[in-house]
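Results of the structural survey
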Amino acid sequence: MNPRILLILVFSLLGQLASAQVFLQIEKINDPKTIKFGRSNLIEFKHKDYPDDWQRGRIDDILYDENVVVFTNQIVHLDEIEAIKIYRPGIKALGQTILAFSYAWCVYGGIAALASEEFSLGLNEILIGGFGILTGTLIKKFSSKTYKMGKSYRMRIVDLRFPTPEELMKIERP
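Residues numbered from 1 in each chain as written. Predicted model: local features only at pLDDT ≥ 70, side-chain atom pairs only at ≥ 80, totals over all residues. Heavy atoms only, no water.

Details of the side chain of Gln-55
- With respect to the secondary-structure elements, Gln-55 resides in strand S4 (residues 50-63).
- Within the local environment of Gln-55, its side chain forms a polar contact with the side chain of Gln-74, the two groups lying 2.7 Å apart.
- Contact partners of Gln-55, with chain neighbours within four places excluded, come to Ile-43, Glu-44, Phe-45, His-47, Tyr-50 and Gln-74. (Helix = DSSP H or I, 4+ residues; strand = E, 2+ residues; numbered from the N terminus. Polar contact = N/O pair within 3.5 Å; in protein donor to acceptor, adjacent residues only side chain to side chain. Contact = heavy atoms within 4.5 Å.)

Side note on the nonpolar core
- Ranked by size, the top nonpolar core spans 19 residues in total, and within it Leu-24, Phe-37, Ile-43, Ile-59 and Ile-84 carry the most contacts.
- Counting residues per element, the ones that place at least two in this core are strand S1 (22-28), strand S3 (42-47), S4, strand S5 (68-71), strand S7 (81-87) and strand S9 (153-159). (Core = buried A, V, L, I, M, F, W, Y, C linked by side-chain atoms within 4.5 Å. Buried < 20%, exposed > 50% of the residue type's maximum accessible area, 1.4 Å probe, protein only.)

Section: the sheet that holds S1
- Strand order in the open sheet formed by three strands is S2-S1-S9, and the pairing between neighbours is antiparallel. The sheet is open, and its two borders are formed by strand S2 (34-37) and S9, each paired with just one other strand. Here the average twist between neighbouring strands, direction ignored, is 25°.
- Across seven bridges, the pairing between S1 and S9 is antiparallel. Residue pairing in the sheet places Phe-23 in a bridge with Val-158 of S9. (Pairing = 2+ DSSP bridges. Axes fitted to C-alpha atoms, helices over the stretch in contact; angles between N-to-C directions.)

If you want it as structure tokens, here you go:
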């Protein structure tokens, strides 16, 4: 294939990806690490009008000029978001796995104790099942982190797109 045609094809496809360069960013004051959300990300947040309820929404669009995030069922200004909750899926899955194991341990131990006269449900079986339930519940409880906007954290929209030639012509120069 001709290298010029390949180069034109690559640059035309990269133009389609330019919309992915507008994203929502959570940053901690004086910390270079950030958390970024793009279009089609699912986030859970608290709205200032409803401080007791967590709302979940998929980001449909991020409007840089208006400082607005468009969800599937609502439009939210960044100043209206009070907190964002982020889940750690690996930790949550570990907690669910431990819970499933400990529930199965208790159920099968109970069935074995009822079905067989040779087997009795002892202290070891009860402790293993109870410790697993406690551990799995605690791991699931701490599988999410809440970021409260205010003194320590802030949220902003970042636009890394290059302006089009038409937009450059509109810029007033001194």
